[in-house]
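Given next are the chains, with one letter for each unit.
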Amino acid sequence: MPFCFVPQMFHCQSIATTTNGPNSINVEGATHKQVVDLIKSGGDVLTLTVISVTPKDAARLEPSEESTGFSYVDYSEKRSLPISVPDYNWIDRNGERFVVFNIYMAGRHLCSRRYRDFANLHNSLKREFADFSFPKLPGKWPFSLSEQQLDTRRRGVEQYMEKVCAIRVIAESDIVQEFLTDSDEEHGSSAEVDLKVLLPDRNIITITIRKNSMTDEVYRIVVEKLDFTNEMAKCFALFEIVEYNFERKLQMNEFPHNLYIQNYSTATSTCIVVRKWLFSLARELQLSNDDLVLTYFFWQAVDDANRGQIKSEDKLYELKALQDSSRKSKYLKLARSLEGYGEISFPHCACDSRKDGHVIATVGIQNFKLQACKDDGTTESQVVEFSWDAINEWEVDDEGMAFCFQYCRDRKSVV
């Protein structure tokens, strides 16, 4: 069989080969190597039809042999992350002097990285997401850089991180997460760090903790900072601001500082917040004798009303008129009479009681509620309420991320 060489500047639209009968093979989109292999195996008689295109079109049409072909990674979902590299520091370590660039997220210091760390990140991301067009890093320079050149490099790595972290699937990849996680080689997890905590009155306090401090230790430091009594401390807790405008209560075995530097879902300066953790109006009224606690109750009620947790309806104007810290007692008196006060509603989720749609679970002072909603969280009219004395037992399945309960209905237990 005569050998026919197909130049790469051509794009082969189709090949028709005849070996003891017609057998057409369409090679649209095939690589140059694949075409040549087909030619070699074409038998004694081979008919080749070549359609020539311009070099520019050939480059566009010819897939790279290094690429995995069609990408199943969705790069379309974007997110705006307030990541910045505002400054850099000189470090002297083990007889070496070098520059590290400080990376911040919404004002939180995440980590400090050398230029070579950015270069390694870039190479790792290109291997992991081979079909994505990454921005360029500032070029390497074998000689010492001036302050002006260092600042230019700082701006360059900042723009690189902004563009990379704007693509959600890349920003949430293990490669980027590991890069943005601080690793103190010198002091390890026992190093002291600053942690910002948002208070119910929207003020922020800064406390000093160890990186590996768990929730109970961090909250103890917060309580000391606020000068809470033991009784006051029992009525509040640490929460994490997560997506869906929801605060999640921290478990005792969690590490708040890790959440602080890794939670990008909020643009505020911290995702750690103090919230009320109390489901007794009598106890709340008793604690309200302290002005600081009363202030915290007031501002949390204002937030709950603004986000729709408290159903103000025809009392909205009256609530707005009382929304001043000097009238907090009157505001709270009215808010406590409205539906939704003191309740916590969770993000919508699936429930085995519904074949179609989701439910929104709400924990309140008087009962536990399930409100029907669509798969996207749009609420529907059906609401089922379970008084606390009707619930016989409950269980949380951490592994399956499920909440199960058994309740009594018409003197019969139902799971």
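Residues numbered from 1 in each chain as written. Predicted model: local features only at pLDDT ≥ 70, side-chain atom pairs only at ≥ 80, totals over all residues. Heavy atoms only, no water.

**Re the sheet that holds strand E14 (residues 367-373)**
Logical step 1: Strand order across the open sheet formed by four strands is E12-E13-E14-E15, with antiparallel pairing between neighbours. Among the strands making up the open sheet, the edge pair consists of strand E12 (344-345) and strand E15 (379-387).
Logical step 2: As paired elements, E12 and strand E13 (residues 358-363) share two bridges and run antiparallel to each other. When the bridges of E13 are listed, Ser345 appears paired with Thr362. (Pairing = 2+ DSSP bridges. Helix = DSSP H or I, 4+ residues; strand = E, 2+ residues; numbered from the N terminus.)

**What about unusual backbone geometry?**
Logical step 1: Phi angles above zero are rare outside glycine, and Asn94 is one such case at about 50°.
Logical step 2: Within the secondary structure, Asn94 is located in the loop between strand E4 (83-93) and strand E5 (96-105).
Logical step 3: Its relative accessible area of 79% is what places Asn94 among the exposed residues.
Logical step 4: Even without being a glycine, Asp227 presents a positive backbone phi close to 60°.
Logical step 5: In this fold, Asp227 is placed in the loop between helix H7 (215-226) and helix H8 (230-233).
Logical step 6: Residue classification places Asp227 among the exposed positions, given a relative accessible area of 65%. (Buried < 20%, exposed > 50% of the residue type's maximum accessible area, 1.4 Å probe, protein only.)

**Digging into the environment of Arg168**
Logical step 1: Of note, Arg168 is situated in helix H5 (residues 168-171).
Logical step 2: Residues Arg168 and Tyr75, spaced 93 residues apart in sequence, show a C-alpha to C-alpha distance of 7.4 Å.
Logical step 3: Leave out the neighbours within four places in its chain, and Arg168 touches Glu77, Arg79 and Glu243. (Contact = heavy atoms within 4.5 Å.)

**A closer look at a negative patch on the surface**
Logical step 1: Side chains of Glu393, Glu395, Asp397, Asp398 and Glu399 sit close together on the surface and give a patch of like negative charge.
Logical step 2: Here Glu395 lies in strand E16 (residues 391-397).
Logical step 3: On the basis of relative accessibility, which here comes to 53%, the residue Glu395 falls in the exposed class. (Patch = residues over 30% accessible without salt bridge, like charges linked within 9 Å, V, L, I, M, F, W, Y side chains within 5 Å. Areas by Shrake-Rupley, 256 points an atom, 1.4 Å probe, with all protein chains shown as cover. Salt bridge = Lys/Arg side-chain N within 4 Å of Asp/Glu carboxyl O. Lys, Arg positive; Asp, Glu negative; His and termini not counted. Charge placed at Lys NZ, Arg CZ, Asp CG, Glu CD.)

**Points about the packing of helix H3 (residues 115-128) against helix H4 (residues 147-165)**
The description of two helices packed together rests on the angle between their axes and the distance between the axes.
Logical step 1: Relative to each other, H3 and H4 sit at 30°, their axes nearing to 12 Å. Looking at the two axes, H3 sits roughly parallel to H4. Relative to H4, H3 is oriented so that their crossing is left-handed. Contacts between H3 and H4 involve Tyr115, Phe118, Leu121, His122 and Leu125 from the first element and Arg153, Val157, Tyr160, Met161 and Val164 from the second.
Logical step 2: A per-class count over the contact of H3 with H4 returns eight nonpolar, one polar and one charged. (Axes fitted to C-alpha atoms, helices over the stretch in contact; angles between N-to-C directions. Parallel < 35°, antiparallel > 145°, perpendicular 65-115°, else oblique. Left-handed = near helix turned anticlockwise from the far one by under 90°. Nonpolar A, V, L, I, M, F, W, Y, C, P; charged D, E, K, R; others polar.)

**Some points on the pattern of salt bridges**
Logical step 1: Counting across every chain of the model gives 24 salt bridges.
Logical step 2: A salt bridge links Lys315 to Glu318, with the nearest nitrogen and oxygen atoms 3.9 Å apart.
Logical step 3: In this structure Glu318 comes out as partly exposed when scored by relative accessible area, which is 39%.
Logical step 4: Salt bridges linked by common partners bring Asp151, Arg154, Arg155 and Glu158 together as one network.

**What to know about the confidence of the model for the protein**
As a note on interpretation, predicted positions should not be read in detail where pLDDT is low.
Logical step 1: Summarising the model, the protein shows a mean pLDDT of 82, and 78% of its residues fall at 70 or more.
Logical step 2: Across the protein, H7 holds the top mean pLDDT of 96, while strand E1 (residues 11-18) sits lowest at 37.
Logical step 3: Low pLDDT, under 50, characterises residues 1-22; the predicted model gives this stretch 60 contacts beyond four residues in sequence or across chains.
Logical step 4: In the predicted structure, residues 60-69 sits below a pLDDT of 50 and forms nine contacts with residues beyond four places in sequence or in another chain. (pLDDT = per-residue confidence, 0-100.)

**A few points about a nonpolar patch on the surface**
Logical step 1: Together, Trp394, Val396 and Phe403 give the surface a local cluster of nonpolar side chains, amounting to about 350 Å² of exposed area.
Logical step 2: Among the secondary structure elements, Phe403 is positioned in strand E17 (residues 402-409).
Logical step 3: Relative accessible area serves as the criterion here: at 42%, Phe403 is assigned to the partly exposed category.

**Considerations on H3**
Logical step 1: Over its 14 residues, H3 runs 20 Å from end to end, which matches the ideal 20 Å to within 8%, given 1.5 Å per residue.
Logical step 2: Buried residues of H3: Tyr115, Phe118, Ala119, Leu121, His122 and Leu125, and no others. Seen end-on, H3 carries its buried residues on one side only, within an arc spanning 160°. For H3, the exposed residues lying more than 90 degrees away from the buried face are Arg127 and Glu128.
Logical step 3: Buried residues belonging to H3 abut E5, strand E6 (108-113), H4, H5 and helix H6 (174-180). (Expected span 1.5 Å × (residues − 1). Arc of directions from axis to C-beta.)

**Here's the deal with the pairing of strand E8 (residues 204-210)**
Logical step 1: Residues of E8 alternate between two faces, with Ile205, Ile207 and Ile209 buried on one and Ile204, Thr206, Thr208 and Arg210 left unburied on the opposite face.
Logical step 2: By the bridge criterion, seven bridges tie strand E7 (residues 192-198) to E8 in an arrangement that is antiparallel. Its bridge partner being in E8, Val197 is matched across the sheet by Ile205.
Logical step 3: Connecting E7 to the next strand, E8, in antiparallel fashion are five residues, including Arg202 with a positive phi near 75°.

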